[in-house]
Amino acid sequence: EPEVTQTPSHQVTQMGQEVILRCVPISNHLYFYWYRQILGQKVEFLVSFYNNEISEKSEIFDDQFSVERPDGSNFTLKIRSTKLEDSAMYFCASLHRGNTEAFFGQGTRLTVV
Amino acid sequence: AQKVTQAQTEISVVEKEDVTLDCVYETRDTTYYLFWYKQPPSGELVFLIRRNSFDEQNEISGRYSWNFQKSTSSFNFTITASQVVDSAVYFCALSEAVEYGNKLVFGAGTILRVKS
């Protein structure tokens, strides 16, 4: 069964460093998303991406964040200068046009120290 | 604006008890989708069910059942004869379907603890 793959599963980084979280969506999907879940809290939408551009972003997704689909298969989330409060589980999801169920990856746990 | 409320922060039951998790939603759209996800201790999000706003038929899948009532904007989830493996955080979510690709808005989640 096709699945969304995220790497790494866990990343520890120092405050102020740049991190790139990687996702490989399901191959024929057209819509891509990043969500964030701070420990013990709800899952929050960050950004959606369609047709090589951002289609919607939340207020959390400020200038420190960017997304890219560099090669037609990977979908990345970059945090330019990490803060302690960026520590969270980050989920990637993808969706096929004509469907309504987004498939989630297993998540990347980011720890900023 | 979309909003999902899961008023029960945490529920504890003893194995074999039935348990209902509540979900109330708000949306201005007439077309929308409702979801339930399970998040076990390992952290991944496991899709359980999707319901569209035009289908109020209740659904049963094994020990799981869902009750969708548009009149009260509720989409409640019942686990019959709970098991220890059901212990997890359960999230209700809403997607407005103005067009494809709309984001999911999640509730705060309900922690379910099933004791043996």
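Residues numbered from 1 in each chain as written. Chains lettered and ligands numbered in written order. Predicted model: local features only at pLDDT ≥ 70, side-chain atom pairs only at ≥ 80, totals over all residues. Heavy atoms only, no water.

Student: It is not clear to me how the overall build of chain A should be interpreted in this structure. Could you clarify?
Tutor: Per the secondary structure count, chain A includes 0 helices and 11 strands. Put simply, chain A runs from its N terminus to its C terminus through helices and strands in the order β-β-β-β-β-β-β-β-β-β-β. Relative to its length of 113 residues, chain A is compact, with a C-alpha radius of gyration of 13 Å against a globular reference of 13 Å. Principal axes of the C-alpha set define a box for chain A whose edges measure 40 × 25 × 25 Å. (Helix = DSSP H or I, 4+ residues; strand = E, 2+ residues; numbered from the N terminus. Rg over C-alpha atoms; globule rule 2.2 N^0.38 Å.)

Student: Can you walk me through the state of the cysteines in this structure?
Tutor: In protein chemistry, a disulfide is the covalent bond that joins the sulfur atoms of two cysteines. Taken as a whole and judged by the stated rule, the model has 2 disulfides over all chains. Between the sulfur atoms of A:Cys23 and its disulfide mate A:Cys92 the distance is 1.9 Å. One disulfide, between A:Cys23 and A:Cys92, carries an S-S torsion of -65° and so falls in the left-handed class. Here A:Cys23, found in strand S3 (residues 19-24), pairs with A:Cys92, found in strand S9 (residues 88-95); they are 69 residues apart in sequence, far enough to count as distant. For the pair formed by A:Cys23 and A:Cys92, the shared burial category is buried. Here B:Cys23 pairs with B:Cys92 through a disulfide, and the sulfurs are 2.0 Å apart. Torsion about the S-S bond of the B:Cys23 and B:Cys92 cystine: about -65°, corresponding to left-handed handedness. Residue B:Cys23 is found in the loop between strand S3 (19-21) and strand S4 (24-26), and its partner B:Cys92 is found in strand S10 (residues 88-96); the two are separated by 69 residues along the sequence. Assigned by exposure class, B:Cys23 and B:Cys92 land together as buried. (Disulfide = S-S within 2.5 Å. Buried < 20%, exposed > 50% of the residue type's maximum accessible area, 1.4 Å probe, protein only.)

Student: When you look at the environment of A:Phe49 in this model, what are you seeing that I'm missing?
Tutor: Position of A:Phe49 relative to the elements: it lies in strand S5 (residues 43-50). Setting aside chain neighbours within four positions, we find A:Phe49 in contact with A:Leu30, A:Tyr31, A:Phe32, A:Ile54, A:Ser55, A:Val67, A:Arg69 and A:Phe75. (Contact = heavy atoms within 4.5 Å.)

Student: Honestly, unusual backbone geometry in this entry has me stumped. Any pointers?
Tutor: Peptide bonds are, in most cases, trans, and in most cases residues other than glycine have a negative phi. Residue A:Pro8 is bonded to the preceding A:Thr7 through a cis peptide linkage, with omega at -10°. Structurally, the position occupied by A:Pro8 is in the loop between strand S1 (5-7) and strand S2 (10-13). Even without being a glycine, A:Asn51 presents a positive backbone phi close to 55°. Although it is not a glycine, B:Ser73 sits at a positive phi angle of roughly 50°. Tracing the backbone shows B:Ser73 in the loop between strand S8 (64-69) and strand S9 (74-79). On the accessibility criterion, B:Ser73 (24% relative accessible area) is partly exposed.

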